[in-house]
Amino acid sequence: MKKNPKVSIIIPFYVETTRFYRDLKKFLNLDYPNYEILVVSDKKIEVDIPKIKIILTGKGHTGPAEKRDIAIKLAKGEICAFIDDDAYPDQNWLKNAVVHFQHPQIVAVGGPGITPKEDKYWEQLTGLVYGSFFCGGHAQHRFVKKSAMFVVDYPAYNLIVRKDVLEKVGGYSTHFYGGEDTFLCLKLIRGGHRILYDPEVVVYHHRRALFIPYLKQIANIGTHRGYFAKKFPETSFQINYFIPSFLTIGFFCGAVASLFNSTIAYLYFTSLLFFIFISIVSVIKKTSFKNAFIISVGIIMTHLTYGTFFIKGLLMNELLR
């Protein structure tokens, strides 16, 4: 691959906001000489910004996977860089990612989606929930910078892939909405390819506000992961994904048992208070005690929501859009 291959940045568009148009202008700050931007939309939108091309799907409602597949076919770049419509790149995003494609075994690169500084109070708290070790766990590197590593699954809000490999595996080719990136990565892994996580390949990803909007997103993620654990065990049948469900079962069973046994009640509430304590300690250096307490509640609610809907996904015979 040549030194500065053309990159096609692909954005599936959904929600029209002033923030989207403001963020779109930030793509022009990229420190990379050779790229195009493809925004795929179901409806006509007006964008008068250089390098940006609007692609209309010609359909009433399409999912993110379908939008990305449409763009892949029209992309002129040797590399496709996927990012969501509620995110924008760091200035060095492409420069730091493209260098890895000089290694033929690496077909995809991902990096963290960091909470933007301009996000509001409740969105910032969501970012701290995501970034906490007791919430993010083995996936913490998706939200904050961690050490470089090879991964088997990575979200499409910051995923950069060779176009020829995308064409070889058939693109996303799925109706999944919330797990389409897992499905794509699974196809890449099945093909013997490698996906690299680089902490310097940064995008800034706006958060959903704590609690209700955020927990709705977690419910969708949990449902898809539970279904994938059964349907695609190669990358999704991992103990880490089951832990929130174990905690959820223990939480509700412990609450019921506490009504009938004082010893169980003591152990139950002691364990709950200890978890709140260590959650507060894990983030107290980054915020106030009040915020740390709210974040600890957010961490608990994340596990309960994810764990409940993971079980739902496990029990589903078919996962519709």
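Residues numbered from 1 in each chain as written. Predicted model: local features only at pLDDT ≥ 70, side-chain atom pairs only at ≥ 80, totals over all residues. Heavy atoms only, no water.

Student: Would you explain the overall build of the chain in this entry?
Tutor: Counting its regular elements, the chain contains 12 helices and 11 strands. Taking 321 residues into account, the globule formula puts the C-alpha radius of gyration at 20 Å, and the chain, at 21 Å, falls close to it. Taken along the three principal axes of its C-alpha coordinates, the chain extends 70 × 40 × 40 Å. Counting all 321 residues of the chain, 54% fall into the buried class. Here the chain displays about 15300 Å² of accessible surface, and carbon together with sulfur accounts for 62% of that area. (Helix = DSSP H or I, 4+ residues; strand = E, 2+ residues; numbered from the N terminus. Rg over C-alpha atoms; globule rule 2.2 N^0.38 Å. Buried < 20%, exposed > 50% of the residue type's maximum accessible area, 1.4 Å probe, protein only. Areas by Shrake-Rupley, 256 points an atom, 1.4 Å probe, with all protein chains shown as cover.)

Student: It is not clear to me how a nonpolar patch on the surface should be interpreted in this structure. Could you clarify?
Tutor: A cluster of nonpolar residues, I239, I243, F246 and L247, forms a patch on the protein surface that exposes about 380 Å² of accessible area. Note on placement: L247 falls in helix α10 (residues 239-258). Looking at L247, the relative accessible area reads 42%, which means it is partly exposed. (Patch = residues over 30% accessible without salt bridge, like charges linked within 9 Å, V, L, I, M, F, W, Y side chains within 5 Å. Salt bridge = Lys/Arg side-chain N within 4 Å of Asp/Glu carboxyl O.)

Student: Can you help me understand the sheet that holds strand β11 (residues 203-205) in this one?
Tutor: The pairing of strands in a sheet happens through backbone hydrogen bonds and is either parallel or antiparallel. What the three strands build is an open sheet, ordered β5-β11-β7; its pairing is mixed. The two strands at the open ends of the sheet, each matched to only one other strand, are β5 (87-89) and β7 (113-114). Two strands pair when backbone bridges link them, and β5 and β11 are joined in this way by three bridges, in the antiparallel orientation. Each residue of the ladder has a partner; that of P89, found in β11, is V203. (Pairing = 2+ DSSP bridges.)

Student: Teacher, can you tell me more about the packing of aromatic side chains here?
Tutor: The geometry of an aromatic ring pair is captured by two quantities: the separation of the ring centres and the angle between the planes. Taken as a whole and assessed by the stated rule, the structure comprises 20 aromatic pairs. Plain terms: the ring middles of F13 and F20 are 4.7 Å apart, the flat faces sit at 55 degrees to each other, and that makes the pair tilted. For the pair F13 and F20, a shared accessibility class is recorded, and that class is buried. Through pairs of rings, three or more aromatic residues link up here, namely F237, F242, F246, Y306 and F310. Over the ring of Y35 we find K51; its NZ or CZ atom is 4.5 Å from the centre of that ring. A cation sits over an aromatic face here: K67 above Y14, 4.1 Å from the ring centre. (Phe/Tyr/Trp six-rings, centres within 6.5 Å; stacked < 30°, edge-to-face > 60°. Lys NZ or Arg CZ within 6 Å of the ring centre and 35° of its normal.)

Student: For this particular structure, what's the right way to read the nonpolar core?
Tutor: The biggest cluster of nonpolar side chains holds 57 residues, and the ones touching the most others in it are V7, I9, I11, L24, V39, W93 and L94. With eight residues, the top contributor of residues to this core is helix α12 (residues 289-315). Setting aside chain neighbours within four positions, we find I11 in contact with F20, L24, F27, I37, L38, V39, V40, I83, D84 and D85. Listed in part, the 26 residues of the second largest apolar core include I55, A156, L184 and Y197. (Core = buried A, V, L, I, M, F, W, Y, C linked by side-chain atoms within 4.5 Å. Contact = heavy atoms within 4.5 Å.)

Student: Would you mind showing me how to read α10 here?
Tutor: An α-helical turn contains 3.6 residues, so a residue and the one three or four places further along point in the same direction. Taking 1.5 Å as the rise per residue, α10 with 20 residues should run 28 Å; its terminal C-alpha atoms sit 27 Å apart, in good agreement. Along α10, the residues classified as buried are Y241, F242, P244, S245, T248, G254 and S258. Looking at the buried residues of α10, the elements they touch are α8 (212-231), α9 (233-236), α11 (262-283) and α12. (Expected span 1.5 Å × (residues − 1).)

Student: Which parts of the structure should I look at to understand helix α1 (residues 18-25)?
Tutor: Among all positions of α1, only F20, Y21, D23 and L24 are buried. Looking down the long axis of α1, one finds its buried residues gathered within 165 degrees of arc, a one-sided arrangement. What points out from α1, more than 90 degrees from its buried face, is the exposed set T18 and K25. Buried residues along α1 sit against β1 (7-12), β2 (35-41), β3 (52-56) and β5. (Arc of directions from axis to C-beta.)

Student: Before we go on, may I ask you to explain unusual backbone geometry in this structure?
Tutor: With glycine set apart, most residues show a phi of negative sign, and most peptide bonds adopt trans. Residue F211 is bonded to the preceding L210 through a cis peptide linkage, with omega at 15 degrees. Note on placement: F211 falls in the loop between β11 and α8. With phi around 75 degrees, K51 is a residue other than glycine that occupies positive phi space. Position of K51 relative to the elements: it lies in the loop between β2 and β3. Even without glycine at this site, S173 takes up a positive phi of about 40 degrees.

Student: Would you take a moment to explain the pattern of salt bridges for this structure?
Tutor: Pairs may arise between side chains of opposite charge once their charged atoms sit close together. Summed over the entire model, instances satisfying the criterion amount to 13 salt bridges. Residue D153 pairs with R142 through a salt bridge whose shortest N-O separation is 3.8 Å. Separated by 11 residues along the polypeptide, D153 in the loop between β8 (149-151) and β9 (159-162) and R142 in the loop between α5 (133-136) and β8 bring together distant segments of the chain. On the basis of relative accessibility, which here comes to 15%, the residue R142 falls in the buried class. Across the pair R225 and D153 runs a salt bridge whose closest N-O atoms are separated by 2.7 Å. Within this pair, whereas R225 is found in helix α8, its partner D153 is found in the loop between β8 and β9, the two being separated by 72 residues in sequence. Among the residues examined, R225 registers a relative accessible area of 8% and is labelled buried. Accessibility expressed as a relative area gives 5% for D153, which makes it buried. One salt-bridge network, in which partners are shared between bridges, spans D23, K26 and E118.

Student: Which parts of the structure should I look at to understand the packing of helix α4 (residues 121-131) against α8?
Tutor: The contact between α4 and α8 brings their axes to 10 Å, and the two run at 35 degrees. Across the interface between the two elements, T126, V129 and Y130 from α4 touch Y214, Q217 and I218 from α8. Residues belonging to the contact of α4 with α8 are distributed by class as follows: four nonpolar, two polar and no charged. (Axes fitted to C-alpha atoms, helices over the stretch in contact; angles between N-to-C directions. Nonpolar A, V, L, I, M, F, W, Y, C, P; charged D, E, K, R; others polar.)

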